[in-house]
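# Overview (structure and organization)
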Amino acid sequence: MPSSAAPGRRVTAAMVAERAGTSIATVSLVVNGKERGRVSAPIASRVRDAVEELGYVVDHAASSLARGSGDLVVLIAPDLSNPFFAEVIRGVRDTIGDRFQLVLSVTERGAQPVAADVRRFERLRPAGILVDAPAAGEPMSASVPVVLLDAPGGAEAVNYDLSPGVHDLVAHLHEQGHRRVGYLDGTSRATTFGVRRELFEQECSAAGITVSEITARADLTVDAAASATEHVIEAWQEDDVTAVVAAADTLAYGVLRTAGRLGIAVPGELAVAGFDDLPSSSVTAPALTSVALPGAELGRSAALRLLATLDGTAAEPAALPTRLVPRASTGASTGA
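A brief report on the enclosed structure follows. (Residues numbered from 1 in each chain as written. Predicted model: local features only at pLDDT ≥ 70, side-chain atom pairs only at ≥ 80, totals over all residues. Heavy atoms only, no water.)

### As for the packing of aromatic side chains
A ring pair, where both rings are aromatic, is described by two values, the distance of the centres and the angle of the planes. Taken as a whole and assessed by the stated rule, the structure comprises 2 aromatic pairs. Where F84 meets F85, the ring centres are 5.5 Å apart and the plane angle is 75°; that geometry is what we call edge-to-face. Owing to a relative accessible area of 9%, F85 belongs among the buried residues under this scheme. On the basis of an interplanar angle of 35° and a centroid distance of 5.4 Å, the ring pair of Y183 and F200 is categorised as tilted. With Y183 in strand β6 (residues 180–186) and F200 in helix α8 (residues 191–207), the pair connects residues that are 17 residues apart, well separated along the chain. Of the residues examined, Y183 reaches a relative accessible area of 1% and is grouped as buried. Accessibility expressed as a relative area gives 0% for F200, which makes it buried. (Phe/Tyr/Trp six-rings, centres within 6.5 Å; stacked < 30°, edge-to-face > 60°. Buried < 20%, exposed > 50% of the residue type's maximum accessible area, 1.4 Å probe, protein only. Helix = DSSP H or I, 4+ residues; strand = E, 2+ residues; numbered from the N terminus.)

See below:
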């Protein structure tokens, strides 16, 4: 049966109630799946028929205002196309299950999430907001629960304990005979990248390894990393750098690409390592040594923390362990 609503006119719950011959409250119960034991089967059927006939769509914002909170969980991230964030999304989705609907938001041009992004979604009155790799120094408080992911130093944050993984990485490089290394950093404003570099430099100093003063930074794409590497790789070689560590696996892929194009043998002439341990890192040529940062576990832990906050239960600050996965790019004979 065709809709009787005028073209361009928004169908309301009141219009559905009128068509079904019932109250707006009854319509709300049915469309939100709460009719069991409260609405008879014939009336619920009439409501569903009216919804279909009129093309009614639930207004989540209005429903949230009426209830004081919504059934949405928003995940804000800087780059949903990055395989790492895909793993984070999977961890969140698997944990919240059918209890909440997950809404994904990517910031403009891959920028780190800022307070304005949180305020934008706060207006929808979601059940909670998850913010992955927020920009450093951004206050993320809101009228709904907010949980930060991979935001060292942030309150209500789920973070990695980077120390074990970085320590093992530096020890591995030392064992392979490297005494002078380069570092390819990211241009990201996320605090985690500063922590990665600081810990790496501290561990290198303690192990007697010198980090070259020749610096390079790139956006978190393979193309940008390859371009940045092209500008410094000759200078690194002249500075006797024998290994390069990248702040993320996607950056390390750029180093591998440039080394391959220039005929620089990896790991014979230049060892390469990264952070994240993305699934593709085990199939690069050669396979990439990486500090494993489990994205799915990060998403799961953040979702559990949010659920605990919503349910009023205790939630201890989470620090997820990290580990080194040595592979052929640094001369390891075996690796995952």
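### Points about the pairing of strand β9 (residues 243–246)
Of the two faces of β9, the one carrying A243 and V245 and the one carrying V244 and A246 are both buried. As paired strands, β6 and β9 are joined by 4 bridges and run parallel to one another. Opposite V181, over in β9, you have A243 as the bridge partner. Two strands pair when backbone bridges link them, and β9 and strand β10 (residues 271–276) are joined in this way by 3 bridges, in the parallel orientation. Residue pairing across strands places V244 opposite V272, the latter belonging to β10. (Pairing = 2+ DSSP bridges.)

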